[in-house]
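For reference, the chains in residue letters:
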Amino acid sequence: MLFLGEHKNIIKDKSPEERKAYLEKHPELGQKLKAHNMEMKDHKKA
């Protein structure tokens, strides 16, 4: 989750709509975040 560190402070105080807009401006972050979420979901199942 190191990739999120640089963006974490930027998105933590934003509303859901603002977060969505920010992720649209940074598609690589959105892809990494989705991959991370899927990995965590799989980890919780195991």
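Just so you know, these numbers come straight off a predicted model, no measurement behind them.

K.L.:
Residue-level account of the overall build of the protein, with values.
P.N.:
The helix and strand inventory of the protein stands at 3 helices and 0 strands. Element order for the protein, N to C, with α for helix and β for strand: α-α-α. Burial status across the protein gives 20% buried among its 46 residues. Surface accessibility of the protein: about 4,100 Å² in total, with carbon and sulfur atoms responsible for 55%.

K.L.:
Explain the confidence of the model for the protein residue by residue, including any values.
P.N.:
Residues of the protein with pLDDT of at least 70 account for 89%, and the chain-wide mean is 82. Across the protein, the element-wise mean pLDDT spans from 70 in helix α1 (residues 2-11) up to 90 in helix α2 (residues 16-25).

Conventions used here
Residues numbered from 1 in each chain as written. Predicted model: local features only at pLDDT ≥ 70, side-chain atom pairs only at ≥ 80, totals over all residues. Heavy atoms only, no water. Helix = DSSP H or I, 4+ residues; strand = E, 2+ residues; numbered from the N terminus. Buried < 20%, exposed > 50% of the residue type's maximum accessible area, 1.4 Å probe, protein only. Areas by Shrake-Rupley, 256 points an atom, 1.4 Å probe, with all protein chains shown as cover. pLDDT = per-residue confidence, 0-100.

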